[in-house]
Amino acid sequence: MSFYGAPSVEVKAAAAAARFRLRRRGLLSIVVAMWRTPMSTVLTKSDFGRATDQIYGLIAWISLGIFVIVVGLLIYALVRYRERRPGELPRQIRGHSLLEIGWTIAPALVLLVIAIPTIQTIFRTQPAVEPEGALEVTVRGHQWWWEFSYPALGIVTANELHLPLGRAAALLLEGPDVIHSFWVPQLGGKRDVIPGRLNRLTFTPEAPGEYLGQCAEFCGVSHANMRLRVIVDGTEAWQAWVRLQQAPPAADAAATEGAAVFAKSACVGCHTVRGVSAGVVGPDLTHFGSRRTLAAGLLPNTPANLLAWIQDPPAVKPGAKMPALGLSPAEARAVAGYLASLR
Ligand code: CUA
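As the structure is a computational prediction, the values presented were derived from the model and not from experiment.

Focus: the environment of Trp146
Reasoning step 1: Locating Trp146 in the fold gives a position in strand β2 (residues 145–150).
Reasoning step 2: Taking the C-alpha atoms as reference, Trp146 lies 9.7 Å from Gly282; in sequence the two are 136 residues apart.
Reasoning step 3: Polar side-chain contacts of Trp146 include one of 3.5 Å to the backbone oxygen of Met226.

See below:
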């Protein structure tokens, strides 16, 4: 079994990239491998991503054109005006008005050509009003995990943002502690999450799949461990997920001992399990068992990883606000069993 459990999009992409590198080592293979990473900004899967990628493409082609012209002129000048007789200088053109005006206007025109579509795209990707029928999600960046709540659906979850395919997602970004930045490269955009301010990010996912994201603003010791994933579901999978999340937490009869330990431990002070506890410091665990990962996407949600996490969170995620609670091995196992049963 791979690190991520069942092979997911990013694992397959990484494996494909590794095979490619093995076959043909060279500059081209490195460039292609960079293109094909799960956090590539040029493998766009949303309208937002496409819009910015078009600007990127335009600028890249213009830059290539300028590069060819400049290098061409340079080679021409080197050959045409090379020193033919010792000490001989070509005719000097200092203060040539036409040339001075020319190379002032030319860059200005280039900037204008880049600026017009760029400004259009800024306005297009940041609509003042939410698109019709948009799904509103409040994204809260915490040290060091992500909270996602769907006010219209009554769902609160963490680190794994499910979105329906083809429907606009209107994200409202805010946070209680320091500045974070929400960034899922393939879905486009990178938007700061600033305490005391409401930022917006709107895009429409265009392909089902699992997309990796990462906090993109240094926010403390576990900044690099503040990961997230967006799971874009087709209609049926989306509806099934919503139904599952809206249902009360599954009460597994085999996990009553763990439930009891959980209910009398410090867990309940920070975590919500709907109907059991109402903590808001840490992630909502109502349907923790349905998540693919734990600890802000650091580890696959397997029994062994969950147990290691419960026993010593800062060992997995340095600086984690959840301390080692000093549970006995039997208690930790019981709590892990209980949390895994919350599907
Ligand atoms: Cu949150 Cu970096």
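Once you've had a look at it, read on.
Side note on a nonpolar patch on the surface
Reasoning step 1: Among the surface-exposed residues, Ile101, Ile105, Leu109, Leu112 and Ile116 lie close enough to one another that they form a single nonpolar patch of about 470 Å² accessible area.
Reasoning step 2: Within the element layout of this structure, Ile105 appears in helix α4 (residues 97–125).

Let's talk about the pairing of strand β4 (residues 160–164)
Reasoning step 1: Among the five residues of β4, five are classified as buried, and the element is accordingly described as predominantly covered.
Reasoning step 2: Burial along β4 is two-sided: the residues Glu160, His162 and Pro164 and Leu161 and Leu163 are all buried.

Observations concerning unusual backbone geometry
Reasoning step 1: Look at the link from Gln143 to Trp144: it is a cis peptide, with omega at -5°.
Reasoning step 2: Checked against the element boundaries, Trp144 lands in the loop between β1 (135–142) and β2.
Reasoning step 3: If you check the backbone angles, Ala295 has positive phi at about 55° while not being a glycine.
Reasoning step 4: When you line up the elements, Ala295 lands in the loop between β13 (293–294) and β14 (299–300).

Some remarks on the nonpolar core
Reasoning step 1: Core analysis: the biggest nonpolar cluster contains 31 residues, and Val137, Trp146, Phe148, Tyr150, Leu161, Leu171 and Phe182 have the highest contact counts within it.
Reasoning step 2: Contributions of two or more residues to this core are made by β1, β2, β4, β5 (169–174), β8 (199–203), β10 (227–233) and α5 (235–246).
Reasoning step 3: In this structure, Phe148 is in contact with Val137, Thr138, Val139, Ile155, Val156, Thr157, Ala158, Asn159, Glu160, Leu161, Phe182 and Leu228, ignoring residues within four places of it in sequence.
Reasoning step 4: Of all hydrophobic cores here, the second largest spans 21 residues; its members include Val261, Leu299, Trp309 and Ala336.

Rules and cut-offs
Residues numbered from 1 in each chain as written. Predicted model: local features only at pLDDT ≥ 70, side-chain atom pairs only at ≥ 80, totals over all residues. Heavy atoms only, no water. Helix = DSSP H or I, 4+ residues; strand = E, 2+ residues; numbered from the N terminus. Polar contact = N/O pair within 3.5 Å; in protein donor to acceptor, adjacent residues only side chain to side chain. Patch = residues over 30% accessible without salt bridge, like charges linked within 9 Å, V, L, I, M, F, W, Y side chains within 5 Å. Areas by Shrake-Rupley, 256 points an atom, 1.4 Å probe, with all protein chains shown as cover. Salt bridge = Lys/Arg side-chain N within 4 Å of Asp/Glu carboxyl O. Buried < 20%, exposed > 50% of the residue type's maximum accessible area, 1.4 Å probe, protein only. Core = buried A, V, L, I, M, F, W, Y, C linked by side-chain atoms within 4.5 Å. Contact = heavy atoms within 4.5 Å.

That's the geometry; what it means functionally is another story.
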